[in-house]
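# Summary of structural features
The residues making up each chain are set out below.
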Amino acid sequence: MSGKLFNVGKIVNTHGIRGELKVVPQTDFPDIRFRKGSRLVLTDAEMKTRVPVIVESGRPQKNVYLVKFSGLDDINQVEKYKGWMLKVTEEDLVELEEGEYYYHQIIGCTVQTEEGEVLGMIGEILSPGANDVWVVNRPQGKPVLVPVIDDVLINVDVAGKRVTIRVMEGMMD
């Protein structure tokens, strides 16, 4: 099993004695990721071990999902997976709508103004509320916070790792 893997959840505990695990979702699509038939990969903290699994059942409970994998029917078979990550392969990523992006596609993109001035590189993504904010690390000075809204984003070229923005008043202060 090669290729990139992307986090979709973290196993935090077992649930009951029939092999169910408590998973903290780390995905915008938990209903898709943890439904029957979904293919996931269990990985340990060092990513040394990868165990492909298929979801037999999954259901939300409070702030976690209770997930059971095919062939793992007993608490003794799943206890060792506490603390492991659940990942998905690149080919199993959900197709996004136009104008939607995965974090891994945006982080590392170069940001330039519509006049062509290069501001820096996107280093992280914040989700404070109504819209995400892309943090652009500059060679000098404070990072620029770019709100992910139509008025600001002119072009997002995922393949070319380049984002063009319209600078709004107060963004560069």
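The structure contained in this document is the topic of the report that follows. Since this is a predicted model, take the numbers as computed values, not measurements.

The rules behind the values
Residues numbered from 1 in each chain as written. Predicted model: local features only at pLDDT ≥ 70, side-chain atom pairs only at ≥ 80, totals over all residues. Heavy atoms only, no water. Buried < 20%, exposed > 50% of the residue type's maximum accessible area, 1.4 Å probe, protein only. Helix = DSSP H or I, 4+ residues; strand = E, 2+ residues; numbered from the N terminus. Pairing = 2+ DSSP bridges. Core = buried A, V, L, I, M, F, W, Y, C linked by side-chain atoms within 4.5 Å. Contact = heavy atoms within 4.5 Å. Salt bridge = Lys/Arg side-chain N within 4 Å of Asp/Glu carboxyl O. Axes fitted to C-alpha atoms, helices over the stretch in contact; angles between N-to-C directions. Lys, Arg positive; Asp, Glu negative; His and termini not counted. Polar contact = N/O pair within 3.5 Å; in protein donor to acceptor, adjacent residues only side chain to side chain.

Quick look at the pairing of strand E5 (residues 64-69) now. Each regular strand displays side chains that alternate between the two surfaces of the sheet. The buried fraction of E5 amounts to six of the six residues, a majority that puts the element mostly inside the structure. What you see with E5 is no split at all: Val 64, Leu 66 and Lys 68 on one side and Tyr 65, Val 67 and Phe 69 on the other are buried throughout. Sheet topology places strand E2 (residues 20-25) next to E5; three bridges connect them, and they run antiparallel. The residue bridging Val 23 from the neighbouring strand is Tyr 65, located in E5. Relative to E5, strand E4 (residues 50-61) is paired through six bridges, and the arrangement is antiparallel. Across the sheet, the residue bridging to Gly 58 is Val 67, located in E5. Hairpin remark: E4 followed by E5, antiparallel, with two residues in the connecting loop; positive phi at Lys 62, about 55°.

This next bit is on the nonpolar core. Counting residues in each nonpolar core, the largest one holds 21 residues, and the members touching the most others are Ile 11, Phe 34, Leu 40, Leu 42, Phe 69 and Leu 86. Listed by contribution, the elements that provide at least two residues to this core are strand E1 (5-15), E2, strand E3 (39-43), E4, E5 and strand E6 (85-89). Not counting the four nearest positions on each side in its chain, Leu 42 is found in contact with Ile 11, Thr 49, Arg 50, Val 51, Val 53, Phe 69, Tyr 81, Trp 84, Met 85 and Leu 86. In terms of nonpolar packing, the next biggest core, distinct from the first, is built from 16 residues, Leu 119, Trp 134, Val 136 and Ile 165 among them.

The alternating pattern of strand E7 (residues 110-113) places Thr 110 and Gln 112 on one face and Val 111 and Thr 113 on the opposite face, and all of these are buried. Pairing of E7 with strand E8 (residues 118-126) involves three bridges; the strand directions are antiparallel. Bridge pairing links Val 111 to Gly 120 in E8. Where E7 folds back on E8, the antiparallel hairpin that results is connected by four residues, among which Gly 116 adopts a positive phi of roughly 100°.

This paragraph deals with the pattern of salt bridges. Scanning all chains against the criterion turns up four salt bridges. Arg 166 serves as the salt-bridge partner of Glu 114, at 3.3 Å between the closest nitrogen and oxygen. You can see Glu 114 sitting in the loop between E7 and E8 and its partner Arg 166 sitting in the segment after strand E12 (162-165), a full 52 residues away along the chain. One salt-bridge network, in which partners are shared between bridges, spans Glu 56, Lys 68 and Asp 73.

Attention now moves to the sheet that holds E6. One key point about sheets: their strands pair by backbone hydrogen bonds, in either a parallel or an antiparallel sense. Taking strand neighbours around the barrel as the criterion, the six strands line up as E1-E2-E5-E4-E3-E6 in a closed arrangement whose pairing is antiparallel. For this sheet the average axis-to-axis angle between neighbouring strands, irrespective of direction, equals 50°.

Its location among the elements puts Asp 44 in the loop between E3 and E4. Put simply, Asp 44 is tucked away with no salt bridge, and the nearest opposite charge, on Lys 48, sits 6.3 Å away. Here Lys 48 takes part through its backbone nitrogen, which lies 2.8 Å from a polar atom of the side chain of Asp 44. A distance of 3.0 Å separates the side chain of Asp 44 from the backbone nitrogen of Thr 49, its partner in a polar contact. Those residues within four positions of Asp 44 in sequence are excluded, and the remaining contacts are Thr 49 and Trp 84.

Function-wise, these values are silent; they only describe arrangement.
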